[in-house]
Amino acid sequence: MDMNGAGIRTAMAVSVVLGLISLVLYILCKRCWWQPSSLARLLRSRGFTVLPYTPIVGNSLENGRLQKLAYSTPLCTGSSHHRYLTRIWPFHFANCSPSSDADKSAIFWLGPRPSLNIVNSHDAKVILSSNYKEYVKFPTLQIVFQRVFGRSILTIDGEEWAQRRRILNPAFASDKLKAMGAQMLVCIQEMLDDWERKVLETNAATGELELDMIKEFTKVSADVLSRTCFGSNFKEGKAVFEDQEGLIEAIYQDAVRYAIIPLYRFLPTARNRLCWKLQRRIHETLKTIIENRMHAVQKCQADSYGDDLLGRILAANGSSLGDGVVLTTQDIIDECRTFFFAGHETTASLLAWATMLMASNPEWQDRAREEVLEMRNDGYINAHSKLKILEMILLETLRLYPPITQLISRTRSPEYGTTDEASTEERKLNIPAGVRINVLCGVMHRDKKMWGDDVDEFQPERFANGISRACKGMHGFMAFGYGPHSCIGQTFAMLEAKLVLASMLQRFRFRLPETYQHAPRLYGTLRPQHGMPLLITPIHFSETDKWVTM
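These numbers come from a predicted model, not from an experiment.

Q: Sorry, what's going on with the layout of surface pockets here?
A: Left-over empty space is what a probe sized like a water molecule reveals as it rolls over the atoms. Considering only enclosed or pocket space, the second largest pocket measures out at about 320 Å³ in volume. L395, I467, F480, Q490 and M494 are the residues nearest the centre of the second largest pocket, which is lined by 18 residues in total. Broken down by secondary-structure element, the contributors of at least two residues to the lining of the second largest pocket are α18 (388-400) and α22 (490-507). With five residues, α22 is the largest single contributor of residues to the lining of the second largest pocket.

Right, here's the structure in full:
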């Protein structure tokens, strides 16, 4: 009897194991073969060119091989040219699109998912603006981003996103952000004072010092964000920032695994355990800051939530009580995490490329400096609105070296059908649900039909009359995104960039060293692979000539 019972239990265990194996095999076959094959047939029937699919990995291995090869050598040494797109997207130009002039790309495979790079600004306009409700953030990428940013405006969609944006918009209004200029200048002047001390200590004879600008701007941008976001909680903000940097680094290193391995984020790998630890620490620190401020106002220990960005978000959230939609503490934590990344990496990258371009084009550096010196007695608020040459330089930098070269991937919502019919205003795209759509704004910024034949040249004067006159349509310029989902913090970023460069131009001259290696690389944002060394020389002036901040 016991033997029969043991045999039955063994048979049941074997059946369960075989059933689980069969289920896993079925899911793998469906995910890695049947669905890709079905989608490939559908895409070809709709006129798309589809690259051959390798089960499970897709084109990821070839993509990685070409990327590693492209990054192995710099474009040039001692100078710079701006034709670097084949370096950051070697697979795209080798297999999907023969040149930056092509309007259409072939479908390629990131793991078992078909992907389409959008390189035509008119198609991008349809996706991001005209029919934006039909295109949602790509689910797999959304999950990865939520590990870093939680459920913020960067990761949510639909009506939830619209409500969140309405609540946050007042906190990012231009008039309120300009009031943060004084806080920004405190951090900027500390950086420039430190540079002058280093010059005196190390090169008093020549008055010239080499600094890695990407490191300098990364540090000052972190200081600016910590001070403008958290004000009196500056030290706690810095601690959050450092943890957020570690979290982004860990998740970025596992990006391919997230795309290929189902449920990888739940595996207790060493890197995942580090991510969980950092997430808990970030959450607890921000939660304490937010709740302390809310309690202080509720108990009448403070008249307001504060004049920093966090205080403005809390105030805007309180004002939305009448509408019945408010942010929870967790929502506010997630928005703070998002703003740290969006306002830090991108601004540091923009400043590094802008100084490189001015160092390579000294005539524009001189013109910008003359403009700054003419406006120095007007105070930073008035000067910010009048620095037209500096704004032209920054816009041209954003065109040539956009910190975000590829916008957040989207896919067509299954709720909407596709059609071959073209509307009277916009031609419809015929992309089925399930295809990952990547908008390559870096390629669109080099479209000769939109920008002219000098797209690969540094020509700030093209922006003399604004973006609308610089190209054939506002949708040709997507450095801050386009349409309803455009960057909420773009005014903040431009204000910070102008103040940093204006202060720097007033106190220093700078040039590229002969050892500079021009090697743009995608690492979350577009950054110089070998750093951004510049030789800086102080401009000697009296104390009364310093930048006026009152």
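There's more to say after this.
Q: Mind showing me how you'd approach the pairing of strand β12 (residues 533-538) here?
A: Of all six residues in β12, five are buried; the element is thus mostly enclosed. Pairing analysis gives four bridges linking strand β5 (residues 209-212) to β12, with the strands arranged antiparallel. Directly across from L209, in β12, lies its bridge partner I536. Relative to β12, strand β8 (residues 508-511) runs antiparallel, the two being bridged by four bridges. Across the sheet, the residue bridging to R509 is T537, located in β12.

Q: Help me understand unusual backbone geometry in this model?
A: Note: most residues except glycine have negative phi, and most peptide bonds are trans. One non-glycine residue, I56, lies in the positive phi region at around 75°. According to the relative accessible area criterion, I56 is partly exposed, its value standing at 43%.

Q: Mind showing me how you'd approach the packing of aromatic side chains here?
A: The description of two aromatic rings rests on the distance between their centres and on the angle between their planes. Taken as a whole, this structure holds 13 aromatic pairs when the rule is applied. Relative to W34, the ring of Y26 lies with its centre 5.6 Å away and its plane at 65°, an arrangement referred to as edge-to-face. When the ring of W195 is compared with that of F508, the centres are 5.4 Å apart and the planes differ by 70°; the resulting orientation is edge-to-face. Linking W195 in helix α9 (residues 181-202) with F508 in strand β8, this pair joins segments that are 313 residues apart in sequence.

Q: What's the story with the sheet that holds β12 in this structure? I'm lost.
A: Strand pairing in a sheet relies on backbone hydrogen bonds. The paired strands run either parallel or antiparallel. Pairing is antiparallel in the open sheet, where three strands are placed in the order β5-β12-β8. Each edge of the open sheet carries a strand with a single partner, namely β5 and β8. In this sheet, adjacent strand axes meet at a mean angle of 40° when their direction is disregarded. Against the sheet, α22 makes contact with β8 and β12, and its axis sits at roughly 95° relative to β8, the strand it touches most.

Q: Would you explain the UniProt feature "binding site: heme" (unreviewed entry) in the chain in this entry?
A: UniProt marks C487 with the feature "binding site: heme" (unreviewed entry), using the numbering shown here. If near-sequence neighbours (up to four positions away) are discounted, C487 is found in contact with R165 and F480.

Q: I'm lost on the UniProt feature "transmembrane region" (unreviewed entry) in the chain in this one. Help?
A: Annotation from UniProt places "transmembrane region" (unreviewed entry) at residues 6-29. For residues 6-29, the helix share is 100%, the strand share is 0%, and the end-to-end C-alpha distance is 34 Å.

Q: For this particular structure, what's the right way to read the pattern of salt bridges?
A: Any two side chains of opposite charge can pair, so long as their charged atoms come close to each other. Under the defined criterion, the tally for this structure stands at 28 salt bridges. Note that R511 is salt-bridged to E208, the shortest N-O span being 3.0 Å. Of the two residues, R511 sits in strand β8 while E208 sits in the loop between α9 and β5, which places them 303 residues apart along the sequence. Judged by relative accessible area, which is 40%, R511 ranks as partly exposed. Of the charged contacts in the structure, one is a salt bridge between R293 and D308, with a shortest N-O distance of 2.6 Å. Of this pair, R293 sits in helix α13 (residues 270-298) while D308 sits in the loop between α13 and α14 (309-319); the two residues are 15 residues apart in sequence, bridging distant segments of the chain. For R293, a relative accessible area of 10% corresponds to the buried category. Taking relative accessible area as the criterion, D308 reaches 5% and is therefore assigned buried. Here the residues in one salt-bridge network are R151, E160, R164, D331 and E335, joined through shared partners.

Q: Explain the side chain of S413 to me, please; I cannot follow it from the model alone.
A: Within the secondary structure layout, S413 lies in the loop between β6 (410-412) and β7 (436-439). Setting aside residues no more than four positions away along its own chain, S413 makes contact with E134, V136 and A433.

Q: Help me understand the nonpolar core, please; the structure alone is not making it clear to me.
A: Grouped burial of nonpolar side chains is what soluble globular proteins tend to show. W195, M213 and F217 are the most contacted members of the largest nonpolar core, which totals 118 residues. Excluding residues that lie within four positions of it along the chain, W195 makes contacts with L209, L211, M213, E216, F217, M504, F508 and I536. Formed by 25 residues, the second largest nonpolar core is a distinct cluster that contains A40, F48, I127 and V439.

Q: How should I be thinking about the packing of helix α11 (residues 234-253) against helix α15 (residues 329-360) in this particular structure?
A: A pair of packed helices can be characterised by two numbers: the angle between their axes and the separation between those axes. Contact pair α11 / α15: the axes reach a minimum separation of 10 Å and the direction vectors enclose 80°. Between α11 and α15, the angle falls in the class roughly perpendicular. Contacts from G237, V240, F241, Q244, E245, L247 and I248 in α11 reach R337, F340, F341, H344 and E345 in α15. Broken down by class, the residue content of the contact of α11 with α15 amounts to six nonpolar, three polar and three charged.

Q: Got a minute to help me understand the state of the cysteines in this structure?
A: A disulfide bridge is the covalent bond that connects two cysteines by way of their sulfur atoms. All chains considered together, the criterion is met by zero disulfides. Cysteine C29 remains unbridged, with the sulfur of C32 as its closest cysteine sulfur at 8.2 Å. Left unpaired, C336 is separated from the closest cysteine sulfur, that of C229, by 6.4 Å. Given a relative accessible area of 8%, C336 falls into the buried group.

Parameters at a glance
- Residues numbered from 1 in each chain as written.
- Predicted model: local features only at pLDDT ≥ 70, side-chain atom pairs only at ≥ 80, totals over all residues.
- Heavy atoms only, no water.
- 1 Å grid on protein atoms, 1.4 Å probe; cavity = no way out; pocket = protein on both sides within 12 Å on 5 of 7 lines; lining within 4 Å.
- Points joined across faces, edges and corners; volume = space filled by probe spheres on them.
- Helix = DSSP H or I, 4+ residues; strand = E, 2+ residues; numbered from the N terminus.
- Buried < 20%, exposed > 50% of the residue type's maximum accessible area, 1.4 Å probe, protein only.
- Pairing = 2+ DSSP bridges.
- Phe/Tyr/Trp six-rings, centres within 6.5 Å; stacked < 30°, edge-to-face > 60°.
- Axes fitted to C-alpha atoms, helices over the stretch in contact; angles between N-to-C directions.
- Contact = heavy atoms within 4.5 Å.
- UniProt positions renumbered as here; feature names shortened; annotations may be inferred.
- Salt bridge = Lys/Arg side-chain N within 4 Å of Asp/Glu carboxyl O.
- Core = buried A, V, L, I, M, F, W, Y, C linked by side-chain atoms within 4.5 Å.
- Parallel < 35°, antiparallel > 145°, perpendicular 65-115°, else oblique.
- Nonpolar A, V, L, I, M, F, W, Y, C, P; charged D, E, K, R; others polar.
- Disulfide = S-S within 2.5 Å.

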